[in-house]
Amino acid sequence: MSRPCRVVVLISGSGSNLQTLIDRAADGRLPIHIVAVISNRADAYGLKRAARAGITTRVLSHRDYDSREQYDEALAALIDAQEPDLVVLAGFMRILSQGFVNRYHGRMLNIHPSLLPLFRGLHTHRRALEAGHTEHGCSVHFVTPDLDAGPVIVQARVPVLADDDETSLARRVQGQEHRIYPLAVAWFAQGRLRLGPDGILLDGHLLREPVQVRPDEDLPDEPA
Ligand code: GRF
């Protein structure tokens, strides 16, 4: 890609993953141009992060629409006006209609706070604790119409500690989210990552299993 990859980020809340992308784009480690941040909630703190970075922000409240399809149409119009190469879901708390998902097939990523296919949906940290798992983590995946079920690109695992509660476990997982999301976005922006008819292609090879990142591993895009 000769020009930097144009990215639209969708959020609903704090935007800590968005912040990581902003920071890495700013310091030149991520070859992307975040052209807009769109939130379905006016009070999302991530909007402040975007504004602080000089990024265009838009609020599109789902409350102003009668149906999911109508909202998603309006959202797609906002997104398409920015002519993005990639749509990044970063804590966008909406179920997406099939038409919307299909429109961005192969160019929409999501991060989910579990080791997919485990714990699709909400309250993943609580559910991992309740299930007595000794390992938990996060996954970046291409978005497909089934919720949290698209092909997984990369995962990071963290241990579940004996004294963990939901908050401490969430914090440890989020630390890893902030590592693997920029990594996957960088691969896409560099033209190394694609969704082909048979699955994910990374550097031209079919990815049979998600890439696994250890919590303490130096990543290619991180300073040693
Ligand atoms: C993250 O935990 C992510 O995995 C989930 O939503 C949360 C967003 O957090 N999809 P933030 O808004 O990026 O801080």
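Structure: above.
Residues numbered from 1 in each chain as written. Predicted model: local features only at pLDDT ≥ 70, side-chain atom pairs only at ≥ 80, totals over all residues. Heavy atoms only, no water.

Student: Please explain the sheet that holds strand β8 (residues 193-196) as it appears in this structure.
Tutor: Two orientations exist for strands paired in a sheet by backbone hydrogen bonds: parallel and antiparallel. Within the open sheet, the 3 strands sit side by side as β8-β9-β10. Their pairing is antiparallel. Single-partner strands in this sheet number two, and they are β8 and β10 (205-206). (Pairing = 2+ DSSP bridges. Helix = DSSP H or I, 4+ residues; strand = E, 2+ residues; numbered from the N terminus.)

Student: Looking at this structure, how should I read unusual backbone geometry?
Tutor: Glycine aside, negative phi is the norm for most residues, and most peptide bonds take the trans geometry. Omega for the peptide link from Leu 116 to Pro 117 comes to 10°, which places this bond in the cis form. Checked against the element boundaries, Pro 117 lands in the loop between β5 (108-112) and α5 (124-130). Residue Asp 148 is not a glycine yet carries a positive backbone phi of 55°. Looking at the secondary structure, you find Asp 148 in the loop between β6 (135-142) and β7 (152-159).

Student: Help me out: how do you make sense of helix α6 (residues 166-189) in this one?
Tutor: Since the α-helix packs 3.6 residues into each turn, any two residues three or four apart lie on the same face. With 24 residues, α6 extends 33 Å from end C-alpha to end C-alpha; this agrees with the ideal 34 Å at 1.5 Å per step. Within α6, 17 of the 24 residues are buried, leaving the element largely enclosed by the surrounding structure. Taken from the residues just after α6, Gly 191 is the one with a positive phi, measuring 75°. (Expected span 1.5 Å × (residues − 1). Buried < 20%, exposed > 50% of the residue type's maximum accessible area, 1.4 Å probe, protein only.)

Student: Looking at this structure, how should I read the site of the ligand?
Tutor: Every residue lining the ligand is accounted for by Ser 14, Gly 15, Ser 16, Asn 17, Gly 91, Ile 111, His 112, Pro 113, Gln 174 and Glu 177. Here an oxygen atom of the ligand sits 2.7 Å away from a polar atom, N or O, in the main chain of Gly 15. Taking Ser 16, its side chain carries an N or O atom lying 2.5 Å from an oxygen atom of the ligand. Computed on the free molecule, the ligand has an accessible area of 370 Å², of which 83% lies beneath the protein chains in the complex. The residue inventory of the shell around the ligand, partitioned by class, reads 2 nonpolar, 7 polar and 1 charged. (Near = heavy atom within 4 Å. Polar contact = N/O pair within 3.5 Å; in protein donor to acceptor, adjacent residues only side chain to side chain. Areas by Shrake-Rupley, 256 points an atom, 1.4 Å probe, with all protein chains shown as cover. Nonpolar A, V, L, I, M, F, W, Y, C, P; charged D, E, K, R; others polar.)

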